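Observations on the model geometry
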Amino acid sequence: MHAADIAIVILFLAGNILLGLWQGKSNQNTGDYFLGGHKLPWVVAMLSIVATETSVLTFVSVPGLAYRGDWTFLQLPLGYIVGRVLVSTFLLPMYFKNGVSSIYEIIGSRFGTGMQKLASVVFLVTRILGDGVRFLATGVVVQVVTGWSLPIAVLLIGTVTLIYTISGGLKTVVWLDSIQFGLYLLGGIIAIVFILLQLDEGVPQILGTLAAAGKLTMFNMSGDLLFNPMAFGGAFLGGVFLSLASHGVDYMMVQRVLGCSDLGSARKALIGSGIFVFVQFMIFLLAGSLMYLFMQGTATEKDREFATFIVDYLPSGFKGLLLAGILSAAMSTIASSINSLAASTVTDLMGGRASLNLSRIISAGWAAVLIGIALLFDENDKAIIMVGLEIASFTYGGLLGLFLLSKSRRNFHPASLAAGLLASMGIVFILKMNGIAWTWYILISVSGNILISLLADTLMRSFRPEMKTK
């Protein structure tokens, strides 16, 4: 890296810290710290959702999917839009009606504090594992671009993110998310424009060449629905249920819309984010396809295609901007994760009994856990973005099942619900062992959760007559 690139990165990191310290002065209580005082503009909340959701996995892995293959990944975000509409219709009204600080309070008020704590623990485990993968993805790129070791990259990103997150709280996180979203989206656009200017052909000819090579194929209509995660039926439904779960029962995502002033604003933020995510994926897939032409399909290490392009082909100055974009993508998700982990810990596990300073200490503790998990993770033969989505799919079905059961009038025994929740995760392990595509995990596990909870509760009622009248 040249001096100009290093200067850009230093200015970016320093700006994040200074904004966090400045906004931290306005936090007077945990309501400000965790929900922004319910004063977040819906546009800012929307961009924060997009930045949090896509993170560095988009920046690193999605261009590589197009470089090595085609655009069939877009079948997932098509489903994301439908999933967000369902969340806005069925779940958001319930959250705003009850005025919750944590969505797992819905489970607590319906089924008892024990189930609320269990749901929170499932969320916490999912977050630290999923975001450990995101830290790994960041380290992969920073390592290639800068030559730093993976531990140094993780510690640097984690420390800077920790400082502005524990100081500024959710307000700082969402505003920086919005800025960071624009920065890393600009990185994808810079890559596209740079390559188009370098190629001799016009845009129509370039797109024609890519289409003829099958690099722009969006729909996979193969009949292998159960075992190929990118077959259309499984990918689209997988996207619907993944978005329904992630944006309906994952507190990290829902926290942003809870910070909006009213239900209407929350709905606009959530549905709008789905459209933005789809457009964003198109931009990064196009960048990957153009890289394939520009680099003439040169073989690179998996998930390092974009990093290799940045290092080997971009001029000085642009490298710094792209690296700042990579750091933006990483820090937006990690900051969101730290704040939501702390919020769920305080609200669900501690019953809301924590001061602002204690909440900040808890945030610091979770940051340390995330850094440790990231250093323990290792790569495998899958694209990193697929690993991240698969991890979430193990637990999302169980959580979504709990929220759907909470809308029924049946007075479930907590043991029945716990049995269904744990069984749903066991079902996913069975599906994985049998090679079933991960895009089916949530749909099958949420169905299994509901059925097993009903069956367990029916059996308990047959052995305990006093429950029949409830």
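For the structure, check the block above.
Report on the accompanying structure. On a predicted model such as this, the values are computed, not experimentally measured, just so you know. (Residues numbered from 1 in each chain as written. Predicted model: local features only at pLDDT ≥ 70, side-chain atom pairs only at ≥ 80, totals over all residues. Heavy atoms only, no water.)

1. Structural notes on the overall build of the protein
For the record, the criterion: To qualify as a helix, a DSSP run of H or I must reach at least 4 residues; to qualify as a strand, a run of E must reach at least 2; elements of each kind are numbered from the N terminus. In this setup the radius of gyration rests on C-alpha atoms only. A globule is expected at 2.2 Å times the number of residues raised to 0.38. Three exposure classes are used, based on accessible area relative to the maximum for each residue type with a 1.4 Å probe and protein chains only: buried under 20%, partly exposed in between, and exposed over 50%. Here the positive residues are Lys and Arg and the negative ones are Asp and Glu; neither His nor the chain ends is included. Note on charges: their place is set at NZ of Lys, CZ of Arg, CG of Asp or CD of Glu.
For the protein, the helix and strand inventory stands at 18 helices and 0 strands. Taken over the C-alpha trace, the protein has a radius of gyration of 22 Å; the compact-globule value for 470 residues is 23 Å, and the two agree within 12%. Oriented by its inertia axes, the alpha-carbon framework of the protein measures out at about 80 × 55 × 40 Å. Counting only residues that meet the buried cut, the protein has 58% of its 470 residues in that class. Across the protein, the mean location of the 28 positive side-chain charges is 15 Å away from that of the 23 negative side-chain charges.

2. Observations concerning the nonpolar core
Heads up, the condition is: Nonpolar cores were defined as sets of buried Ala, Val, Leu, Ile, Met, Phe, Trp, Tyr and Cys residues, with membership established by side-chain atoms within 4.5 Å. The contact rule is simple, with two residues in contact once any of their heavy atoms fall within 4.5 Å.
Tyr 95, Phe 306, Phe 309, Leu 327 and Phe 403 are the most contacted members of the largest nonpolar core, which totals 135 residues. Among the elements that make up this core, the one with the highest residue count is helix α8 (residues 150–198) (16 residues). Not counting residues within four places of it along the chain, the set of residues in contact with Phe 306 comprises Phe 59, Pro 63, Gly 187, Ala 191, Phe 284, Met 291 and Leu 322.

3. Quick word on the pattern of salt bridges
Going by this rule: By convention in these notes, a salt bridge is any Lys or Arg side-chain nitrogen within 4 Å of a carboxyl oxygen on Asp or Glu.
Within the structure shown, the criterion is met by 6 salt bridges. Across the pair Arg 84 and Glu 53 runs a salt bridge whose closest N-O atoms are separated by 2.3 Å. Of this pair, Arg 84 sits in helix α4 (residues 75–90) while Glu 53 sits in helix α3 (residues 42–68), placing them 31 residues apart in sequence. Neither residue differs from the other here; Arg 84 and Glu 53 are each classed as buried. We note a salt bridge from Asp 250 to Arg 127, for which the minimum N-O separation is 2.4 Å. Remark: Arg 127 occurs in helix α7 (residues 113–146) and Asp 250 occurs in the loop between α10 (232–246) and α11 (251–258); sequence separation between them is 123 residues. Here the two residues Asp 250 and Arg 127 agree in accessibility, since each one is buried. Each of Arg 410, Asp 457 and Arg 461 takes part in a single network of salt bridges with overlapping partners.

4. A word on unusual backbone geometry
The backbone of Gln 296 shows a phi angle near 55°, a positive value even though the residue is not glycine. The topology assignment puts Gln 296 in the loop between α12 (263–294) and α13 (305–313).

Bear in mind that shape data such as this cannot, by itself, settle questions of function.
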